[in-house]
Number of protein chains: 2
Amino acid sequence: MRVKASAPGKVILFGEHSVVYRGPAIVLAIDRRVEVLAEPRGDDLLFIEAPDLGVSGFFHEGRYHPAAGGRRGEGVLRPLWVAVERTMERLGRKTGVSLSVASEIPIAVGLGSSAAASVATVAAVGELLGGGLTPEEISLLAYEAERVVHGTPSGIDNTIATYGGGLVYERGKGMERLESLREIPLVIGNTGRSRSTGELVGRVRRLREKYRTLVDPIIDAIAHIARLGREALLEGDLWRMGELMRMNHGLLWALGVSSPELDRLVNAALEAGALGAKLTGAGGGGCMIALAEPDRLGAVSTAIERSGGSSLRAGISRSGVRVWRVEG
Amino acid sequence: MRVKASAPGKVILFGEHSVVYRGPAIVLAIDRRVEVLAEPRGDDLLFIEAPDLGVSGFFHEGRYHPAAGGRRGEGVLRPLWVAVERTMERLGRKTGVSLSVASEIPIAVGLGSSAAASVATVAAVGELLGGGLTPEEISLLAYEAERVVHGTPSGIDNTIATYGGGLVYERGKGMERLESLREIPLVIGNTGRSRSTGELVGRVRRLREKYRTLVDPIIDAIAHIARLGREALLEGDLWRMGELMRMNHGLLWALGVSSPELDRLVNAALEAGALGAKLTGAGGGGCMIALAEPDRLGAVSTAIERSGGSSLRAGISRSGVRVWRVEG
């Protein structure tokens, strides 16, 4: 038997950085997914390949033995090993497994590819071992895998990859799931410059320590945008969302987390007729998102690519993790 | 007898747009000047030429008769006619005058060239008619001339052109002159795109009407930056000024008054090592300013020019209007 599972990536629509201090972050699952094919092996090894990344290797007793791509595969594949281990522990069964991971989502640019891969891995291996994991369990097991590589993640990425749709996350208030949202036509622009979330969060923290009376009101304003953005999202008011996104980008600029590449793509998207555009995620590189009427999506994509970014059209993914058995 | 007078242009360092609502604007006189040469004529006409702009013409009983450049000269030259008229009324003397205006400051990009020309004109014509005008009178007469073309100007530009140095202006609180400031090494980057101050002020007003709970805190934050910026300026703390300028640019972005060209020049300056950079004035085009250590000024200028702007190095002008008699 072979099993496939897939889970969506995500974008942060509003609230990056402010969510570290207060107020909500609004996150959308995107209809770009990571797919994991799992099949049992005759031995007790875990083999994982990610052909898109040109890496593959074995995990045996926690040690990584590269097959292709050398040691650089270890960082990406280790959380999947943890996901498999935790899933087997949870289900009380153990077997050798081969996993093949295919992603429609670029990695390490804040689009949640890592959590989507972990969620899909847990779901695929769970099904392979007899199934019965609830979505809550899948999300939690993926969270544990993510924790290995990402320190103390917020839990947003694994949750959105599990459930799809929209999510409002606020520290100390947990998650609110937004369902039956209207279509939100997005273009994601990728600067191709990877960045460290921790470093950018640290940059804002240091700025805040130095200019508390200035940075706190900016954080408050971003948090307020996120609250207004949640309402606009629920109403499907694209115009309002666009205006809020533009203001949000400026405030993130003020916090020092934009970059020349991000500004170039944001300005290009707006000049091409996007209703709004902003960096998404930690900033300093990574991705921006543009919101546009459907008939402007092509022009916005083109403008982003002409400005040196790669573009990816995306809508909301209403479905979260999916798992199915594959014949043959 | 011939008389020359000159007066400096200005940049807004902090507080553009917020000053319309509350808090201070911090303005610096720059060591780039407008010079006016005045000499008496045998007739009762006023002839004004601005060779840099390729325009010249006569004013007779308030009507403009172009000599060079056609009617486009009228808008630039009319306030100077008013300045001459008011000065003659004030001094109770009347004579024909020829004026020649030479400017080191590009016009219509928010650098105060118009007020500097008016101030220099009042001073030159005043001296030609026997002198005795106080700086207060020169500034006021220039203000009256500015009012003809600029509606209800704040009075900042004529004041700074008259006195030089730095100026803190706050609605309802008047002007505070800042003297004996330390050198502030600036590069001005000109996008070459002219803009309408009124239109941009209107854009912020409409955004505020729609998102009052969001725009007011942003305006408050800009006003707070201007207050902190005043302190940093008085302390000569370039680092702090630079950080405040960067935050200020982001907040102005959030208000929708930056432009792709301005962002490009701001980012280029920062990447070239500027301590801070921001749009200056109304935005939407016009100019940006970058603050840099003296040894980085060249690199910052080059970066601005490579990014499609024209650059102008400037320091603070400690002297305001100057007037002197010319032999021959």
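All values reported here derive from a predicted model rather than from experimental measurement.

**Details of the relation of the copies chain A and chain B**
With an axial shift of 0.0 Å and an RMSD of 0.1 Å, the rotation relating chain A to chain B amounts to 180 degrees. Here the two chains are linked by the operation of a two-fold rotation axis. Among all residues of chain A, the minimum C-alpha distance to the rotation axis is found for G250 of chain A, at 2.3 Å. In this assembly, 100% of the residues forming the interface of chain A have copies in chain B that are likewise at the interface, indicating an isologous arrangement.

**Thoughts on the pairing of strand β4 (residues 55-60) of chain A**
Residues and elements named next belong to chain A. As defined by bridge partners, strand β3 (residues 46-50) adjoins β4 across five bridges and the pair is classed as antiparallel. Bridge pairing in β4 links A50 to V55. The antiparallel hairpin formed by β3 and β4 contains four residues in its connecting segment, where G54 sits at a positive phi of about 70 degrees. Adjacent in sequence and paired antiparallel, β4 and strand β5 (residues 63-68) are bridged by two residues, among which E61 carries a positive phi angle near 50 degrees.

**Here we look at the domain arrangement of chain A**
All names here are of chain A. Partitioning chain A into structural domains gives domain 1 (2-179 + 317-326) and domain 2 (186-314). One C-alpha centre belongs to domain 1, the other to domain 2; they are set 25 Å apart. Counting each side, the surface lost to burial between domain 1 and domain 2 is near 2,700 Å², with a carbon and sulfur contribution of 69%. The three residues of domain 1 that bury the most area against domain 2 are F14, H17 and Y21, which together make up 26% of that side's buried surface. For the pair domain 1 and domain 2, the interface holds four salt bridges. Here E16 ties to K278 by a salt bridge, and the two come within 2.8 Å at their closest N and O atoms. Summed over the shared surface of domain 1 and domain 2, the result is nine residue pairs in polar contact (both at pLDDT 80 or more). Secondary structure elements with two or more residues in the side of domain 1 that touches domain 2: β1 (2-14), β2 (24-40) and β8 (174-178). Taken together, the residues of the side of domain 1 that touches domain 2 sort by class into 16 nonpolar, five polar and six charged.

**With respect to the confidence of the model for chain A**
Overall, the predicted model of chain A reaches an average pLDDT of 95, with 100% of residues at or above 70. What the predictor reports for the complex is a pTM of 0.93 with an ipTM of 0.92.

**Here we look at the packing of aromatic side chains**
Each aromatic ring pair is described using two quantities: the centre-to-centre distance and the angle formed by the ring planes. Considering all chains together, one arrives at six aromatic pairs over all chains under this definition. Ring centres of F47 of chain A and F58 of chain A lie 4.9 Å apart, and the angle between their planes is 50 degrees; this geometry places the pair in the tilted category. Taken together, the residues span a long stretch of sequence, with F47 of chain A in strand β3 and F58 of chain A in strand β4 at a distance of 11 residues. Judged by centre distance (5.7 Å) and plane angle (15 degrees), the rings of F59 of chain B and W81 of chain B are stacked. Taken as a pair, F59 of chain B in strand β4 (residues 55-60) and W81 of chain B in helix α1 (residues 73-91) lie far apart in primary sequence, 22 residues in all. Taken together, the aromatic side chains of F59, Y64 and W81 of chain A make up a single cluster linked through ring pairs.

**Structural notes on the environment of I156 of chain B**
All names here are of chain B. Topologically, I156 is positioned in helix α4 (residues 156-163). When its relative accessible area of 7% is taken as the criterion, I156 is described as buried. Counting along the chain gives 71 residues from I156 to R227, while the straight-line C-alpha distance between them is 17 Å. Not counting chain neighbours up to four residues away, the residues in contact with I156 comprise V27, L167, Y169 and M175.

**What about the pattern of salt bridges?**
If charged atoms from side chains of opposite charge come close, those side chains can pair. Throughout the structure, instances matching the rule amount to 44 salt bridges over all chains. The salt bridge involving R22 of chain B is made with D220 of chain B; its shortest N-O contact spans 2.5 Å. Of this pair, R22 of chain B sits in the loop between β1 (2-14) and β2 (24-40) while D220 of chain B sits in helix α6 (residues 212-235), and the two are 198 residues apart along the sequence. The partner of R41 of chain B in a salt bridge is D43 of chain B, with the nearest N and O atoms 2.8 Å apart. Overall, the relative accessible area of 22% leaves R41 of chain B in the partly exposed class. For D43 of chain B, a relative accessible area of 32% corresponds to the partly exposed category. Salt bridges sharing partners connect three or more residues here, namely R22, R208, R212, D216 and D220 of chain A.

Conventions used here
Residues numbered from 1 in each chain as written. Chains lettered and ligands numbered in written order. Predicted model: local features only at pLDDT ≥ 70, side-chain atom pairs only at ≥ 80, totals over all residues. Heavy atoms only, no water. Least-squares fit on C-alpha atoms with pLDDT ≥ 70 in both. Contact = heavy atoms within 4.5 Å. Pairing = 2+ DSSP bridges. Helix = DSSP H or I, 4+ residues; strand = E, 2+ residues; numbered from the N terminus. Domains from an automatic or database assignment. Buried area = accessible area lost by both parts, 1.4 Å probe. Salt bridge = Lys/Arg side-chain N within 4 Å of Asp/Glu carboxyl O. Polar contact = N/O pair within 3.5 Å; in protein donor to acceptor, adjacent residues only side chain to side chain. Nonpolar A, V, L, I, M, F, W, Y, C, P; charged D, E, K, R; others polar. pLDDT = per-residue confidence, 0-100. Phe/Tyr/Trp six-rings, centres within 6.5 Å; stacked < 30°, edge-to-face > 60°. Buried < 20%, exposed > 50% of the residue type's maximum accessible area, 1.4 Å probe, protein only.

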